[in-house]
Structures are given as structure tokens and as C-alpha cells.
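Okay, here's what each chain looks like letter by letter:
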Amino acid sequence: MTTTAVPQAPAATQPLLSVNRVAKTFGKNIVLSDVSLDIAQGEFLSILGESGSGKTTLLRLIAGFERPDSGTIQMAGERIDSLPPYKRRVNTVFQSYALFPHLTVADNVAYGLKVSKAPRGEIDSRVREALAMVKMEGFAASKPSKLSGGQQQRVALARALVNRPKLLLLDEPLSALDANLRREMQFELKSLQREVGIAFVFVTHDQEEAMTMSDRVALLRFGELEQVATPREIYSKPATAYVAQFIGHSNLLRCNVSRGIARCGNVICTTSEADGPAVFSLRPEAIRLASAAGATDVVRFKATVLRQVFQGATELFELDCGGMTLNAKIYSARVPAGESEFEFALSDFVPVKESR
Amino acid sequence: MFSRAYKAAVALPPIVWVGAFLLTPYLLLFCNSFWSVRDGQTIVHDWGMQNYSKLVHVPVYAEVLLRSMKIAGGVTLLALLLGYPLAYYVAFYAKRKELLYQLVIIPLWVSYLVRAYAWKTILGSDGVMNTLLQYLHITHEPVGFLLYSPFAVVLTLTHIYTPFTFLPIYAALEHIPKNLIEASQDLGASRIKTFWRVIVPLSIPGILAGATFAFVLSLGDFLAPLLLGGPSGIMISNVVVTLFGAAFDWPLGAAISACMMVLVLAILFLTEKLEKKWSFS
Amino acid sequence: MELQLVSASAEKRPAWLRVHVIAVFAFLYLPIAILVLYSFNGGGVGGFPPRNLTLSWYRLLFSDGALWDAVLNSLEVAIAAVIIAVGLGLPAALALDRVNFPGKVIFRRLVLLPLILPGIITGLSLLMLVVAVKLKLSLLTITLGHGTALISVATTEIFAGLQKAQRSQEEASLDLGATYWQTFWRVTLPNLKLAIIGAALLIFTLSMDEIAVSFFLIGRDNTLPLEIWSRLRRGMTPEINAISTVIFVFSLAMILLWYRLRKPGTDEWEAAAKAVEG
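Going along each chain's sequence as written, the residues are numbered from 1 onward. The lettering of chains begins at A and the numbering of ligands begins at 1, in the order of writing. Restriction of local features to residues with pLDDT of at least 70 applies here, the model being predicted, together with a cutoff of 80 or more for giving and counting side-chain atom pairs; totals for whole chains, interfaces and linings are based on all residues.

## A look at the overall build of chain C
So the rule is basically this: Each helix corresponds to a stretch of at least 4 residues labelled H or I by DSSP, and each strand to a stretch of at least 2 residues labelled E; elements are numbered beginning at the N terminus. Exposure classes come from backbone-placed C-beta atoms, where a residue is buried if 20 or more other C-beta atoms lie within 10 Å of its own, exposed if 12 or fewer do, and partly exposed in between. We call two residues in contact when their backbone-placed C-beta atoms lie within 7 Å.
Scanning chain C for helices and strands turns up 12 helices and zero strands. Counting from the amino terminus, chain C carries its helices and strands in the arrangement α-α-α-α-α-α-α-α-α-α-α-α. The buried share among the 278 residues of chain C stands at 39%. Counting only contacts in chain C whose residues sit at least 6 apart along the sequence, the fraction spanning at least 24 positions is 77%.

If you want it as C-alpha cells, here you go:
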């Protein structure tokens, strides 16, 4: 499920949350260095990264469980980085759900409201509303230990949302679910977010998940942001080699550029890059068998098929193009063994920065 | 998983030993409680309820038992009040948990007897406490009730049993997943509210275990009252000791012991039920 | 992935809590401090503050034959008690963990009784048995008492160790061709090494300080606590402070030893176990 319309940047409104040049070190580990990120009202932002990228730490800084060593965090113009978690208008859905075992589902959901001393009648109705929103109305009197993982997660969601926070943080909430349930929950979370209109910040290591659900994706690596952009942009215009590889496992061509021509193996292509070595990203999906017609803005090259792997709708071909290996994902076409001619659109040949 | 012969070989020795050296003696004690003493010298197997009836009708025994329970109750309360914040500190604030934990345990390695006697030294008319009080001009002469009183017994037993309340409470607090505390704060509860709404309920099994230890062990203590209690601080175990010593009346002593056994078992049963109700993991 | 990277709280500690903690530690260590202090007190016990610091009590202590006889007796009893308690506690723990025998619940409760009942009750009950079989009171009867009373300490510790142990290791051993007996020696027992040693140390310590159960079971030979007790009845001598200090220091050494034994041991095991389990 992809967003069909590119969301417009919120017109002239202040970002909901502003992370400014935040850094955090634990002992000798620099977990985050100089991270700046704005989160817009009502957007679904994913913070994507591998283990050790710092994504969870960033989330915890926003939630208030850690303080940044330097930099500030502001919400609606006010600094919140020195506020304890219970004073921030931010709620978190924990990876392990963190439901209170000694309270029923209803009492769990009501927790934040009871603590803020809301009137009894209001608490009851809002709890019912929240449970209905996550389709857990029948479980109000149950104890968390009797629920499955997916059910616990819904309760955790309801418990956070019932407080109408300005921002909802989700720490890899779907990682413990099996694949089918996961896909279902992705859909539900997305529509829930649309319904509720609250900004969601979603931490995950699964790039497909991030690309599917988000309005924008922030890719974090070793404590620094590699790129923050819409899924389409990240996909078609990766900023660095790492982004290109991490999202969609792009081919990275290390070419030599000389007078506007990039050369690597059998691939020869025009480019506006400066002379010298350069790195280009070419997605496996962009490569296809050369068509008979000589289209413009298309680059053709010869390659030999080394290997072929069946992947359902597509086949993955490992191609040898003059000493360089490329992966190509081609819809079940009959690609003859041995050498053939392939092509790709020039616009799919994207220059990227070499990664650190 | 193991063969039947193996299983029998493993289970049998302990069962036999425990049957011979634990079950039989307790049964003997129980039997003795129905007998009586003749001429202050011999035990007659006359199988009657005379001892139990004596316990019910002669007030002094009930009085001593009541006093023992009050003392045990006082010790339990104090030990919990001292032990809980200590456990909380070590679990949530301490930088060197292992070290502090050991520091709490170490006093247990010093002989009970000697520690009790040290308190006698401290509380005596010539001791540290009185000297200090007079030095600070709070009193002008030695305070009497410090020693040879229920106060001294409660103080000493609290000293002995505070580590015993600390241990299970600390274990329970350590057991609480940190993310529950974070979740509570995330939902708007301050540290104090989190303490009362999340930490305390989840630490109740630890509190119950510690309280049971302290209460039951204090109730049956005989050394501290003997050393520091004076005539007003005599506890039920001292009565039993006397009945098996100078005031030769084994059956009566056995009867009191049997009652104590029933009392202790009842308390254990109760706390076990409560602990089950309050344990959530 | 939830990172628990912070072990100690970065938040400020409430002042009153710190005061409380210091006060409680002071309370816990006051008698011990007094004890150690007065063992050097020239004027004997009583009188504050101590003056005339001297080692004479220690000198007296080391030439006190009767006291050292008692120490020896206590050591004998303690070691025998460890053997009995662990020797019976180990099969008891195994049985509780793996065998369903009739009266299992009663057995478990019965075995715990000596720990929670007032010690003298257990001691008195054993006295009745001893009298009934016309056995003479001696170190043997005390050993019997200690060993029996402390079985459940061994059982509890070893049982806990069994819970932690991986059943799959034993199954792997059987799969590879070892018999039950071989598996027990090569896999189960080494896994329990830590629990057994812990239990042994604990039982040893408890036995050395045991008074209540021993009270009615002594014959002619005294154990150390009972020897101290009889001297205390006659009036405190600073020698007692001296020997208590010695015991205290010795116990501290034992704890350090236990600590050293344990730390690399557990980490090694746990690391290896984690590596294997993945």
C-alpha cells in the first residue's frame, strides 16, 4: 500500500517538534551526533535504521527517557528537552508493550486519564472510545497476561492515544508479530493515524515497512541522518550509496567519469558529474531486456547471465557486464542464456555520494 | 526421563531421612502435648487435653503469647520501614548495587548471639547510648527502659531482621521491568505517582515474604528476650525453654510448641494465598 | 530493540532517601563497630569511650584452649552438616524437580518447617526422639539436628539451580549415547556446581552460628556459639569480642572468596550458554 499523493509540506506552519543538533553519548559510544529533524503536524514519519543506528535513542530523547548531551528539542516553540516524560505531551507505544500486569485492560487504558485526575464519567467514555478504535472493546476486564501479542499491542496503542497526545512515538511496535499479522497491523496503524490526525513517529529497521506506511522517512546510520525525504524521493533519488543499498538493494556502479561520459564495465552513459571516480545507483527493477525500438534517453549494454533466481512475479538475474556484476529484476521474461542486450532509462542512473 | 529404579533411588534417601528425623520428632512432640507430668519428674502417657485446657484457662500463657505477637508485629513494621526504602534506593538509585547488597548481608555473618550482646553493651546504663544522651545533655542520668525491656527486644530484633525484609523486597523491585516505570511516566505519572500506582503493587509479594520472615522468626525468638528483655520482655519461646529446663513440664512445653506450630503454619498459609493473589508475572 | 544502556538512574536522588540509607547502614553496623572497637579495649567491656587500646584480649584468646576446642567442634559439626544436608538436599531437589512421588507436597512443606519454626521447637522435637531411642547427647546429636534442619537450604538452592539449567543439554547428552548415570555426572552435576557450592557455604555458615536447635542437643562438648553463651551467662569478657571480630573477619574473607569464585564462573557459563542458545 503506497501513498498515491505526495503530501504537501504543511503550508507555513511551525513544525510540531523540532530536534536541533542533538547528540548523545553512552560511555565511550557516540550514539547520536548532530541530528536535526523537524516533525510536521499530523505526519507519519518513520525513523529507519539498522541496529546501532541510534534510532531508539532518538525516540527516547523525544519521549524524555534520556537527556541529550547537546542540542535542543522543541515542541510548539518551547524547549522540552529538560522536561521529564510526564510533563511532555508525547506518548509512547513500547516495543514490548509494557502493559501493567496488575491492572485490567480498561484500567491500563485509563491510566493516563486517572493520573491527570479527569472526571470519572469522562474517563469511562474515553476508554470505551479508545478500545473501540483498536477493536478491543470485549477485553476491557481482561488482564494483559491473557492476551496475545497482537492484542496487547492494540491495548498499548489505545492506552497511548486515549490521552490525545500531540505526538505518538512507536518503538518497533510490529517487530514481534508474524508476517501476516504485521501486514494487517501496518494497514490498521496507517488508517488509524489518518483518522486520529496525530503525528506518528515510527521507529523500525524494516525498510519495506517504513516505505509502505510513511509520509516521510528519516534514515539513520551510526548516529547521523543519511536522508530525510518522502518514500518516492528516497527510492528514486537516494542521497548516498548507503541509502541506495539499504532501500531496495540498489546496484552501485563505481564508474570513471571523463568528459561527461561515465564508464563501468560494459555500461557507458552520459552524465553531468565531474571527471574522476563517481558512484551511481541503478535499481535492479530498472533493468530490462533491450527492446527493438531505439528509444531516446535509454542506455543499452551487453551482459552475460551468470545466475537466475525465481522470485515469483519477477526473476532475479545476476549479470556480468564486462567484469562488473549487476542484479536485474525482470518480470518473468524469457531471457536467453549467454549474452544479451539490456537497457535502462537514463533517469534511473542516479549519482550518489559515496558513503562514510 | 529417567528409569523408575533411578527415580526411586533418588527420591528414597531424603524421604526416609526426613521421615525419621523430621516427621517422627514433630509427631513425638505432638504426642507429648497430650501427656502430663507426675511428681515433677516423670512423664505419664495419659492422653488428655489437660495441657491445652491449661493454656486456655491460665491467663499468663495467653498474655505472653500476645506480648510476643505485639513485639513481633513491632519488629515487622520497623523492619519493613527500614528495609523498603533501603531496597528501593539500591534497586533504583545505587551506582554500585552489588556492593551495597553485600553490605546489607554482611552483618548476617556476625554471630547473632554476639550482636545481641553488643546491643546489651550499647543500651546498658554504662553504655554508648546512655553516655551519648548524657553527653548531649538530653538526660541527666541513665535511662532505665533502654535495657531489660520490650523496647530493647524490639530494637535488637529489628536490627537482626531488617536484612531479612530487605532481601525479598529488593528481589521484587529488581524484577519489575524498567519499561513499566517508563510507561507510567510516559503516561503522565510523576515519580511519586509511579511509585504508588506501579512499583508498590508489583512489590507486594516481596513485602509479604519479608514481613512473614520477620514476624515468624521474631515471634519464636528466645535469645534476645533472654539477654535483653528482662521480666517484662519475656516471650513465648522463653516459656517453652523454661518448661523444658528448670520448670520440668515437657508435655506443657510440647503443647505450647504445638500451638506455635499451628500458628506459624496458619500465617504461612495466609501469606501464600495473598502472595498468589498479588503476583502478576 | 529496546536499549537498556543506562544502569543507574540519571535522575537526582532524594536527599531524605540518602539520609535514610546512611542511617540504616549505621544502625546495622553499630553493634559490629562496637564489637570490634571493644575487642581492643583495655578496660574490658563497659565504659565508653574505650581506652587503653590493647591486643591483650587477642593474646588471651589464642591461648584459650577451651574456646579453640569449641571452635574445632563447631567446624566438625558444620562440615558434617554440609555433607548431610547437601547429600540429601541434592537428591531431594532432583526428586522435587523431576519425580512425581506420593506425598510430594507434604515432603516439600515438611522440609521447610525447620527454617520457619522457632529453632528450639525443632531442637526439642529432636530431643524427644533422642530420648525415645535412648541415644546419648553429644556432637553427633547436634550434627543430626543441624544436618536435618538445613536440608531445605540445600534443596532450595539446588532446585533453583535446576530450574536455570538447560534440560536440552541433558537430552543432547543422551542423544549422543551417554547413559543416564553418565549424563548426570558429565552434564547435570557440573551445571549445578555453583548452586551446590553456594548451598554448602550457606549451610556451613548457618551451622557455625546455630544456637536454637543446638540448645537442647548438646552433650559434654560445646560448639562455639554455645561455649560463648555459657561464658556470657557468667559475664562478658572482651575475649568474646576478640573471637567475634576474628569470626567476622574470617566471614568477610569467605564472602570475598565466594565472590571471586562466582563472578567469573557465572559470566563464563552465561556467556557460553547465550552463545549456544543464540
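## Overview of the overall build of chain B
Filter applied, for reference: Using C-alpha atoms as the atom set, the radius of gyration is obtained and then compared with a globule rule of 2.2 Å times the number of residues to the power 0.38.
Counting its secondary structure elements, chain B contains 12 helices and two strands. Traced from its N-terminal end to its C-terminal end, chain B shows the element sequence α-β-β-α-α-α-α-α-α-α-α-α-α-α. Its C-alpha atoms give chain B a radius of gyration of 23 Å, clearly above 19 Å, the size a compact globule of 281 residues would have. Summarising its shape, the C-alpha atoms of chain B cover approximately 75 × 75 × 35 Å along the three principal directions. With 281 residues in all, chain B has 50% of them scored as buried. Across chain B, the fraction of contacts at a sequence separation of at least 24, relative to all contacts at a separation of at least 6, is 73%.

## Some details on the interface of chain B and chain C
Definition in use: Gly counts as polar in this scheme, as do all residues outside two lists: the nonpolar Ala, Val, Leu, Ile, Met, Phe, Trp, Tyr, Cys and Pro, and the charged Asp, Glu, Lys and Arg.
Taken together, the 67 residues of chain B in the interface contact 65 residues of chain C. Per element, the largest residue contribution to the side of chain B that touches chain C is 18 residues, and it comes from helix 1 (residues 4-32) of chain B. Looking at the side of chain B that touches chain C, its residues break down into 47 nonpolar, 15 polar and five charged.

## Notes on the packing of helix 2 (residues 105-115) of chain A against helix 3 (residues 120-133) of chain A
Residue and element names in this part refer to chain A. Under the convention used in this document: Here the axes come from fitting lines to C-alpha atoms, over the contacting stretch only for helices, and the angles between their N-to-C directions go from 0 to 180 degrees. In this scheme, roughly parallel covers angles under 35 degrees and roughly antiparallel covers those over 145, while 65 to 115 is roughly perpendicular and the rest are oblique. Note on convention: the crossing is left-handed when the near helix lies turned anticlockwise from the far helix by less than a right angle, right-handed when the turn is clockwise.
Relative orientation of the contacting elements helix 2 and helix 3 amounts to 125 degrees, with a least axis distance of 9 Å. Put simply, helix 2 runs oblique to helix 3. In this structure, helix 2 crosses over helix 3, and the sense of that crossing is right-handed. Counting all contacts with helix 2, which are made through Ala-106, Val-109, Ala-110, Leu-113 and Lys-114, the residues of helix 3 involved are Ile-123, Arg-126, Val-127, Ala-130 and Leu-131. Split into classes, the residues belonging to the contact of helix 2 with helix 3 amount to eight nonpolar, no polar and two charged.

## Looking at the sheet that holds strand 13 (residues 267-270) of chain A
All names here are of chain A. Using the following cut-off: When DSSP finds two or more bridges between a pair of strands, those strands are recorded as paired.
On the basis of which strands lie adjacent, the open sheet formed by five strands has the order 13-12-11-14-20 and antiparallel pairing. Only two strands of the sheet have a single neighbouring strand rather than two, namely strand 13 and strand 20 (350-352). The sheet shows a mean angle of 40 degrees between the axes of neighbouring strands, direction not considered. For strand 12 (residues 261-264) and strand 13, the ladder comprises four bridges, and the chain directions are antiparallel. Across the sheet, residue Arg-263 finds its bridge partner in strand 13, namely Ile-268.

## Thoughts on the interface of chain A and chain B
Interfaces are frequently sized by the accessible area removed from exposure as the parts join. The interface of chain A with chain B comprises 18 residues on the first partner and 16 residues on the second. Mapped by element, the contributors of at least two residues to the side of chain A that touches chain B are strand 6 (90-93) and helix 2 of chain A. It is helix 2 of chain A that provides the largest number of residues to the side of chain A that touches chain B, a total of three residues. Of the residues belonging to the side of chain A that touches chain B, the class tally is 11 nonpolar, seven polar and no charged.

## Some thoughts on the pairing of strand 13 of chain A
Alternating residues of strand 13 of chain A divide into Val-267 and Cys-269 of chain A, all buried, and Ile-268 and Thr-270 of chain A, none buried. In this antiparallel pair of consecutive strands, strand 12 of chain A and strand 13 of chain A, the connection spans two residues, and Gly-265 of chain A shows a positive phi of 60 degrees.

## With respect to the pairing of strand 3 (residues 44-49) of chain A
Remember that side chains alternate between the two faces of the sheet whenever the strand is regular. Residues and elements named next belong to chain A. Taken across its six residues, strand 3 has six buried, putting it largely inside the fold. Taking every second residue as pointing to the same face, both faces of strand 3 are buried, with Phe-44, Ser-46 and Leu-48 on one and Leu-45, Ile-47 and Gly-49 on the other. Inspection of the sheet shows strand 3 paired to strand 8 (residues 199-204) by five bridges, in the parallel sense. Paired with Leu-45 across the two strands is Val-201, which belongs to strand 8.

## Quick word on unusual backbone geometry
Located in the positive-phi region is Phe-222 of chain A, a residue other than glycine, with phi close to 50 degrees. For Phe-222 of chain A, the location among the structural elements is in the loop between strand 9 (216-221) and strand 10 (224-229). Since 16 C-beta atoms lie within 10 Å of it, Phe-222 of chain A is described here as partly exposed. Phi is positive for Tyr-148 of chain B, which is not a glycine, with a value near 55 degrees.

## Remarks on the environment of Gly-338 of chain A
All names here are of chain A. Relative to the helices and strands, Gly-338 is located in the loop between strand 18 (324-331) and strand 19 (339-345). For Gly-338, a count of 7 C-beta atoms within 10 Å gives the class exposed. Sequence separation of Gly-338 and Leu-306 is 32 residues, and the distance between their C-alpha atoms is 8.0 Å. Among residues more than four places away in sequence, those in contact with Gly-338 are Thr-304 and Val-305.

## Some thoughts on the nonpolar core
Operational definition: Core membership is restricted to buried Ala, Val, Leu, Ile, Met, Phe, Trp, Tyr and Cys residues, and these are joined into a nonpolar core through C-beta atoms within 7 Å.
Of all hydrophobic cores here, the largest spans 151 residues; its most connected members are Ala-87 of chain B together with Ala-85, Ala-154 and Ile-203 of chain C. With 16 residues, the single largest contributor to this core is helix 3 (residues 65-98) of chain C. Discounting chain neighbours no more than four positions away, the residues touching Ala-154 of chain C are Ala-85, Val-86, Gly-89, Leu-90, Ala-199 and Ile-203 of chain C. If you look at the next biggest cluster of nonpolar residues, it comprises 105 residues, including Ala-106, Val-109, Ala-241 and Ile-287 of chain A.

## Things to note about helix 7 (residues 150-175) of chain B
One turn of the α-helix equals 3.6 residues, which is why residues spaced by three or four share an orientation. Residue and element names in this part refer to chain B. Short version of the rule: Take the number of residues in a helix, subtract one, and multiply by 1.5 Å to get its expected span. What we call the bend at a residue is the angle made by axes fitted to the seven residues finishing there and the seven residues starting there.
For helix 7, spanning 26 residues, the distance from its first C-alpha to its last is 37 Å, which sits close to the expected 38 Å at 1.5 Å a residue. Where helix 7 bends most, at Tyr-161, the angle is about 40 degrees, and the proline Pro-163 comes one to four residues later. Burial of helix 7 is extensive: 22 of the 26 residues sit out of reach of the surface.

## Some words on the sheet that holds strand 4 (residues 70-75) of chain A
Residue and element names in this part refer to chain A. Across the sheet, which stays open at both edges, the four strands sit in the order 2-1-4-5 with antiparallel pairing between neighbours. On the outer flanks of this sheet lie strand 2 (29-39) and strand 5 (78-79), each paired with one strand and no other. Two elements, strand 1 (residues 17-26) and strand 2, share seven bridges in a ladder whose sense is antiparallel. Looking at strand 2, one finds that Ser-18 is bridged to Asp-38.

## What about the confidence of the model for chain C?
Operational definition: Confidence scores labelled pLDDT are given residue by residue by the predictor and lie between 0 and 100.
On average, residues of chain C carry a pLDDT of 81, and 86% of them reach 70 or more. We note a pTM of 0.85 for the whole complex and an ipTM of 0.89 for its interfaces.

## Some words on helix 4 (residues 149-161) of chain A
Residue and element names in this part refer to chain A. Given a rise of 1.5 Å per residue, 13 residues ought to cover 18 Å, and the 18 Å separating the end C-alpha atoms of helix 4 matches this to within 8%. Burial of helix 4 is extensive: 10 of the 13 residues sit out of reach of the surface. Restricting attention to buried positions, one finds in helix 4 the residues Gln-152, Gln-153, Arg-154, Val-155, Ala-156, Leu-157, Ala-158, Arg-159, Ala-160 and Leu-161. Turning to helix 4, the residues buried within the fold contact strand 6, helix 2, helix 3, strand 7 (167-171) and helix 5 (179-196).

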